[in-house]
Structure formats: C-alpha cells, structure tokens
Amino acid sequence: MRAALLLVAPTLLSLGCKGSLNLGKGEEPDSRFTADVYVWPCIEKAEDTGSEDSLYNGVYAFDLSLEYAPDALADQSLPAPGTCQASLSVFPIDAGASGVDIPELTGDPEWESVVDVGVLAHGAPGFYFSNVLENQRSCQTTNDIVGGGVALTNAGAITGARTPDPGELGPVTVADASGDGLLEFGEITEVSWEASGWNETWVQIRQERDGEAWGTVTCNTTGMDSFTLDASVWGELSETLPVQYINLYVGFTAANTQLPDEVQKVHARTRTIYVQVIQD
C-alpha cells in the first residue's frame, strides 16, 4: 500500500490463461468490481464569519480493481455484525487461485465515470487494477469522484457492469486521548460516524511497516454508529510485531450484484474508506 504521513486534526486523524465461453453459469458471482475511495478530513469555511467552519470527507486517493474468477471468487465476507476477525483479506491483490483472464477481451478492461475514463492494467490472471488518484490529497467528495457509478466499457461479457452510488457519510471522529493522532497498542479508543445508504460498515485496525499491513483485525460494524477498540479487539493482534505505527480504517460499502450478459454475475462495490494515518 502506501508510506506513512501522519494527518493530525482536532479529534480527527487522520494488486492467465483464457477461460471457456461457458464460464459463469453457477450461483456464485463470477467477478468483483470495486471502487475504493480513500478520504481524510477537509474543512469547509463558513460564509458567515460568526459561524463555525465544518469538517467533511475529502478524497486523497482512489483505486479501481477487477477480479475475474467465474463461480470461484475469493471470499471477502465480513464476520458477523458486532464481531471481529484477524487477518481478514478485504483488499484484493489478485483474483485468487481460480483467477482467469477475461475471455474474448481485446486489450485491458476500460472504464468510465462522469469525470474520467481509464484502463485497468493486468496484474495477474483474472486481476486488473488502477491507482486512478494516488495520494492527491484533494478535497473533492466521494460523490464528485464516483457519483453515478464507474462503468466497465470494454470488459468482454461483463461490459456494462457499474459500481453503485455511494451512500452519505459525515465526519468520522476518533477519540484521541494522547492528542498526537496515533493509536498506541492496547489503547481503548472510541470511533464514531454519521452514515446512511450503505450496505455494510467496518473498522480495520492495521499494524503497518513501510506502508504494508503486518497484522490486521477487521470488525463488522454494520448497523452501528460507533465502535470501541477495547481489550477484546487488541487481543487479536501481537504487540511484539516490529511495526512502525498502528493505522485505522473505517470503511463504508455499497454493493449489488449485476448480470450484464444475463449469465455472468458481477459483484460491484463502492467503498468510502476513512484513513487515520495518510500514506504516501
């Protein structure tokens, strides 16, 4: 992923072979198309000098990934609501052992949104990826970037699949007892948010070194508006791992399943992910 740059604000911190044309007739999704929008706190200045400035989520990075593994996608399901799981994969780096390149696709898959077009580069059998915006640290909103969805415009049988609209998300608040913006191992921390229109929400604690996660715990917070990092969560991690810092992701997922060619199923996701420690 990315090297660390600490963002501090008051109470807010801040990666085959060809398949058969008969693939994809089973019950499971055949591909997963994900738009991940990473956000950080931005300030909207009040027009009235007597009013307070307001915080909102601005986009600092944006990735697209496409996994193609007919009827055999790697499972990225969250644990049950209110529970946590260590070492859960939520960010694809390939299409898994069953990944195959999209049949009858000329070149790499292409995509378009209301503001941009691009290509998803081939990374591994059945896996295509693009860092659309890499550490831009803008104050555009998620809706500015992926409102109206991102559509596949050249992707063989799954051409036409489109990520869903994002939900609504207010500022994410992280209680910071130390005031330095960093989480200390074992520190009891309250995270809260205001959100609507999402299918799932989740919190991931990440022990990171050189921009990579060495240890993670992911908690399903669907239906909640706050979550406490307590001893039961920290107990899923090792305090002795030689990491540089502990990061916190708070994710919000809108998802649906589509059948662009009436046979092959695409699980499409739009995710807004608040990140405490901004990474280069």
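Residues numbered from 1 in each chain as written. Predicted model: local features only at pLDDT ≥ 70, side-chain atom pairs only at ≥ 80, totals over all residues. Heavy atoms only, no water.

(A) Structural context of the pairing of strand β5 (residues 54-68). The buried fraction of β5 is high, at 12 of 15 residues. In terms of strand pairing, strand β4 (residues 31-44) meets β5 through 14 bridges, oriented antiparallel. In the sheet register, Val 37 faces β5, and the bridge partner there is Phe 62. Pairing geometry for β5 and strand β10 (residues 127-133), over 6 bridges, is antiparallel. Paired with Phe 62 across the strands is Leu 133, a residue of β10. (Buried < 20%, exposed > 50% of the residue type's maximum accessible area, 1.4 Å probe, protein only. Helix = DSSP H or I, 4+ residues; strand = E, 2+ residues; numbered from the N terminus. Pairing = 2+ DSSP bridges.)

(B) Structural view of the side chain of Thr 189. Relative to the elements of secondary structure, Thr 189 occurs in strand β14 (residues 189-192). Overall, Thr 189 belongs to the buried group, its relative accessible area being 1%. Among the polar contacts made by the side chain of Thr 189, one reaches the main-chain carbonyl oxygen of Glu 187 at a distance of 3.2 Å. (Polar contact = N/O pair within 3.5 Å; in protein donor to acceptor, adjacent residues only side chain to side chain.)

(C) Broad picture of the layout of surface pockets. Of the pockets and cavities examined, the second largest pocket occupies roughly 350 Å³. Around the second largest pocket, the lining comprises 19 residues; the ones closest to its centre are Arg 32, Asp 75, Gln 76, Ser 77 and His 267. The leading source of residues in the lining of the second largest pocket is strand β20 (residues 266-275), at 3 residues. (1 Å grid on protein atoms, 1.4 Å probe; cavity = no way out; pocket = protein on both sides within 12 Å on 5 of 7 lines; lining within 4 Å. Points joined across faces, edges and corners; volume = space filled by probe spheres on them.)

(D) A look at the environment of Ala 74. In this fold, Ala 74 is placed in the loop between β5 and β6 (84-86). In this structure Ala 74 comes out as partly exposed when scored by relative accessible area, which is 37%. When the C-alpha positions of Ala 74 and Pro 92 are compared, they lie 8.9 Å apart, and in sequence the two are 18 residues distant.

(E) A look at the nonpolar core. Core analysis: the largest hydrophobic core is formed by 46 residues, its most contacted members being Phe 62, Ile 205, Leu 248 and Val 250. Residues Phe 91, Tyr 249, Val 275 and Ile 278 belong to the second largest nonpolar core, which totals 14 residues. (Core = buried A, V, L, I, M, F, W, Y, C linked by side-chain atoms within 4.5 Å.)

(F) Main features of the environment of Gly 251. Take Gly 251: it is sitting in strand β19 (residues 245-258). For Gly 251, a relative accessible area of 0% corresponds to the buried category. Expressed as a C-alpha distance, the spacing of Gly 251 and Val 275, which sit 24 residues apart in the sequence, is 8.8 Å. With residues up to four places along the chain from it excluded, the contact list for Gly 251 reads Glu 200, Thr 201, Trp 202, Thr 272 and Ile 273. (Contact = heavy atoms within 4.5 Å.)

(G) View of the sheet that holds β20. Read across the open sheet, the 9 strands follow the order β6-β17-β16-β19-β20-β4-β5-β10-β9; overall the sheet is mixed. Edge positions in the sheet fall to β6 and β9 (121-124), since each has one partner strand and no second. Shown here is a sheet whose adjacent strand axes are inclined to one another by a mean of 30°, direction ignored. Summarising the sheet, β19 and β20 pair through 10 bridges and their orientation is antiparallel. Across the sheet, residue Gly 251 finds its bridge partner in β20, namely Ile 273. (Axes fitted to C-alpha atoms, helices over the stretch in contact; angles between N-to-C directions.)

(H) Representation of the pairing of β4. With 12 of 14 residues buried, β4 lies mostly within the body of the structure. Two strands pair when backbone bridges link them, and β4 and β20 are joined in this way by 9 bridges, in the parallel orientation. The partner of Ser 31 across the bridge, within β20, is Val 266.

(I) Summary view of the side chain of Gln 76. Of note, Gln 76 is situated in the loop between β5 and β6. In this structure the side chain of Gln 76 is engaged in a polar contact, spanning 3.1 Å, whose partner is the side chain of Arg 269.

(J) Layout of the environment of Gly 235. Assignment of secondary structure puts Gly 235 in the loop between α2 (231-234) and β19. Residue classification places Gly 235 among the exposed positions, given a relative accessible area of 58%. Spatially, the C-alpha atoms of Gly 235 and Gly 186 are 8.2 Å apart, while their sequence positions differ by 49 residues.

(K) Fine view of the sheet that holds strand β11 (residues 151-154). The 3 strands are arranged β8-β7-β11 in an open sheet whose pairing can be described as antiparallel. Both outer strands of the open sheet, β8 (117-119) and β11, are each paired with one neighbouring strand and no more. Taking the axes of each pair of neighbouring strands and ignoring which way they run, one obtains an average angle of 30° across the sheet. Relative to β8, strand β7 (residues 110-112) is paired through 3 bridges, and the arrangement is antiparallel. Note on β8: the bridge partner recorded for Glu 110 is Val 119.

(L) Region of the structure containing the confidence of the model for the protein chain. For the protein chain, per-residue confidence averages 88 on the pLDDT scale, and 85% of positions sit at 70 or higher. Every residue in residues 1-22 scores below 50 in pLDDT, and together they form 88 contacts with partners more than four places removed in sequence or on other chains. (pLDDT = per-residue confidence, 0-100.)

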